[in-house]
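Coordinate inspection notes
The lines below spell out each chain.
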Amino acid sequence: MAVAAIKEYRFESADRLENFHGNQLLFVGWEDHLMFCAPFAFLLPPDFPFQALIEDVLPGAYGYHPDFAEIDWAKVEWLRSGQPFQPQLDKSLADNGLGHKAVIRFRTPGLTGIGGTCS
Amino acid sequence: MDMKTSSGKKLGLKEKYRHMTRGLDWETTYQKREDVFPYVAYEGIKIHDWDKWEDPFRLTMDSYWKYQAEKERKLYAIIDAYAQNNGHLNVTDARYLNAIKLFLTGISPLEYMAHRGFTHAGRAFPGSGPRVACLMQALDELRHAQTQIHSLSNYNKYYNGFHDPAHMLQRVWYLSVPRSFFDDAVTAGPFEFMVAIGFSFEYVLTNLLFVPFVSGAAYNGDMGTMTFGFSAQSDEARHMTLGLEIIKFILEQDPDNVPIVQRWIDKWTWRGYRVLTLVGMMMDYMLPKRIMSWKEAWEVYFEQNGGALFKDLSRYGIRPPKWLDQISFDKDHISHQAWATFYQYGAIADFHTWSPTEDELDWLSSKYPDSFDKYYRPRLDYWREQAEQGNRFYNKTLPQLCQTCQIPMVFTEPGDPTKICYREVDYQGEKFHFCSDGCKEIFENEPEKFKQSWLPANQIYQGNCFPDGTDPTVEGFDPVSKVLEYYNIQAGRDNLDFDGSEDQKNFAKWRGMATSNE
């Protein structure tokens, strides 16, 4: 049952793409680092290069963590909607198949948070 | 002509109740019944005989006013005395006040929403028994909102963050959690509202809300909060009875009602449980003098009491709510996950957070032997060390939120507290994200409703959370300060760490003046 209503019930999604003025949302989570309580939401244009995400966006969000400076990005494992994913770093978000409200996660082998507690 | 006004005999209670509630109803003649009661059929609930409704309290309005007036008189006498004697200086520690800020912004406005909801439900029901019961509960809820605001306004004279709860409920990021919970309930039909609020919240979960706050107040010297809590308690007993009666009544009326009610119980137990995360955090972290842990409260008030209730309801074909296995596992975790969230987003909240003291950490270790030292204490220790070095952690990046409960995606996989739980659904070409199987299934049952969720982080990114006239394109635009302005949070005064706050300094100064000759 999609809706129980007394008359026609038709509304638009609050977070539809057009509401973001040419940008889109990208959600990013860092596995085994729950010091950051939840994945982050970023507002980025679809032609934003994936490399710039790593170089210009993630440091501001995750840089507080002592593990962040230790990351070897060549060894990082990525997930897109929970499935293994190999991003093309020189390509845009769109070209990497990351549309509005896509969710990606990265795992940093060997780095598992404060005292290895996934914090 | 002389009119004989009395037979000399007073009506008995039962007769009086009959005349003054059921006897007031009439059958419609010049309008169709379904036009007068347009909301009663569309949810699919079938009622054959409204007279089967039993009201165990048999209260009429004249007695209602009498009882309530008496309670109000006592309450306001104590509140006045508390205010006049600077009772606020008797609380255990000024950190305690932050628990009360959470109550004022997160709970009191919901009392008012409950008032609206019961008014609507009472109007929608064709039966006079539930209509009168809903009317009284609607008045109770209004009374609770008012007495809470009156009691807590005393703190607003001295401390920060108490100044604008109704405004904040509509805007501040974390308050979208309790707000959306109630908005969902009041925009449902009258039967779902009654199962949601009357039964699931008032009957199944209410002890987990009121006992912690009211006992917390008593333990921490807060006579004001304790008094309105006790004043509300006798109303709560009536509400619980109404909640149970409505469930039994609906289930007894038609077997087709059972699966609908079951789905509502599943939905609203889960939704209520998610909102109670805030209470868990309050109990485990915000009361300087603890009453019991969240886990202990959950075990007593839900697992034991709720277990007996659902055993009782099984004769109607109702089973316990879904996802209880996960809830049971998570009782070792959610309060810590919530505090970590508020600690790091402390720059954009209307109350203070802090690093727990060493003995508070020890208390948490003893109450949570299976989880605290392993997963949470190292994080808190690290944050405390960093704060002591002047590097207090303030997370400035907006989090991803759950589409249903609207809580940041902080909850972990069932059975694995080291992995964030991610769930997603593609609906009409758009992705929707959830913190749990429960929130995902609730969305899937009503996607047209939940796709409209006003998610604070996403609304900020859409540019909808700045004061009117803000131009985000000007050079040096600072979105955080504009969002705080939109929230009516005073930056540097209402937010940030308790350590160094104006509340901390004032409380210490005033208590010093009250207890010494300096």
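Heads up: the structure comes first, above all this text.
As a starting point, this report considers the structure included with it. All of these numbers come straight from a predicted model, not from anything done at the bench. (Residues numbered from 1 in each chain as written. Chains lettered and ligands numbered in written order. Predicted model: local features only at pLDDT ≥ 70, side-chain atom pairs only at ≥ 80, totals over all residues. Heavy atoms only, no water.)

1. Side note on the packing of helix α8 (residues 176-186) of chain B against helix α11 (residues 257-275) of chain B
Residue and element names in this part refer to chain B.
- Relative orientation of the contacting elements α8 and α11 amounts to 160 degrees, with a least axis distance of 9 Å. Taken together, α8 and α11 sit at an angle that is classed as roughly antiparallel. As α8 packs across α11, the resulting crossing turns out to be left-handed. Here V177, S180, F181, D184 and A185 of α8 lie close against α11, whose contacting residues are K267, W268, R271, G272 and V275. (Axes fitted to C-alpha atoms, helices over the stretch in contact; angles between N-to-C directions. Helix = DSSP H or I, 4+ residues; strand = E, 2+ residues; numbered from the N terminus. Parallel < 35°, antiparallel > 145°, perpendicular 65-115°, else oblique. Left-handed = near helix turned anticlockwise from the far one by under 90°. Contact = heavy atoms within 4.5 Å.)

2. Regarding the pattern of salt bridges
- Applying the stated rule across the entire model yields 51 salt bridges over all chains.
- Residues E31 of chain A and R105 of chain A are paired through a salt bridge, measuring 3.6 Å at the closest nitrogen-oxygen approach. Pair noted here: E31 of chain A is in the loop between β1 (24-30) and β2 (40-44) and R105 of chain A is in strand β5 (residues 102-107), with a separation of 74 residues, a long-range link. No difference in accessibility class separates E31 of chain A from R105 of chain A, as the two residues are buried.
- Salt-bridge contacts for R143 of chain B lead to E72 of chain B; the nearest nitrogen and oxygen are separated by 2.6 Å. A residue pair is termed long-range when its members are at least 10 positions apart, and R143 of chain B in helix α6 (residues 128-156) and E72 of chain B in helix α3 (residues 61-84) qualify at 71 residues.
- Assessed through its relative accessible area of 8%, R143 of chain B is described here as buried. (Salt bridge = Lys/Arg side-chain N within 4 Å of Asp/Glu carboxyl O. Buried < 20%, exposed > 50% of the residue type's maximum accessible area, 1.4 Å probe, protein only.)

3. Here's the deal with the interface of chain A and chain B
- Each partner contributes to the interface: chain A provides 45 residues, whereas chain B provides 50 residues.
- Linking chain A to chain B there are two salt bridges.
- E430 of chain B serves as the salt-bridge partner of K101 of chain A, at 2.7 Å between the closest nitrogen and oxygen.
- Viewed at the interface, chain B and chain A are joined by 21 residue pairs in polar contact (both at pLDDT 80 or more).
- Only β1, β2, α1 (50-62) and β5 of chain A provide two or more residues apiece to the side of chain A that touches chain B.
- A total of four residues in the side of chain A that touches chain B trace back to one element, the largest contributor, which is β2 of chain A.
- A class-by-class count of the residues in the side of chain A that touches chain B yields 29 nonpolar, nine polar and seven charged. (Polar contact = N/O pair within 3.5 Å; in protein donor to acceptor, adjacent residues only side chain to side chain. Nonpolar A, V, L, I, M, F, W, Y, C, P; charged D, E, K, R; others polar.)

4. Some points on the packing of aromatic side chains
- Enumeration over the complete set of coordinates arrives at 61 aromatic pairs over all chains.
- Look at F50 of chain A and W78 of chain A: their rings are 5.0 Å apart centre to centre, the planes differ by 80 degrees, and that puts the pair in the edge-to-face class. Residue F50 of chain A is located in helix α1, and its partner W78 of chain A is located in strand β3 (residues 77-80); the two are separated by 28 residues in the primary sequence. An identical accessibility class is assigned to F50 of chain A and W78 of chain A; each is buried.
- For the ring pair F118 of chain B and F193 of chain B, a centre distance of 4.9 Å and an interplane angle of 75 degrees mean the geometry is edge-to-face. Residue F118 of chain B is found in helix α5 (residues 108-124), and its partner F193 of chain B is found in helix α9 (residues 190-219); the two are separated by 75 residues along the sequence. The residues F118 of chain B and F193 of chain B share a single accessibility class, namely buried.
- Directly above the ring of Y486 of chain B sits R171 of chain B, whose terminal nitrogen or CZ lies 4.1 Å from the centroid. (Phe/Tyr/Trp six-rings, centres within 6.5 Å; stacked < 30°, edge-to-face > 60°. Lys NZ or Arg CZ within 6 Å of the ring centre and 35° of its normal.)

5. Some words on the nonpolar core
- Core analysis: the largest hydrophobic core is formed by 189 residues, its most contacted members being Y62 of chain A together with M286 of chain B.
- Ranked by the residues each element gives to this core, the list is headed by α9 of chain B, at 16 residues.
- Setting aside its immediate chain neighbours within four residues, M286 of chain B contacts R95, Y96, N98, A99, L102, M281, W339, F351 and W354 of chain B. (Core = buried A, V, L, I, M, F, W, Y, C linked by side-chain atoms within 4.5 Å.)

6. Re α8 of chain B
- With respect to burial, α8 of chain B is a largely interior element, eight of its 11 residues being buried.
- Residues of α8 of chain B that are buried: S176, V177, P178, S180, F181, F182, D184 and A185 of chain B.

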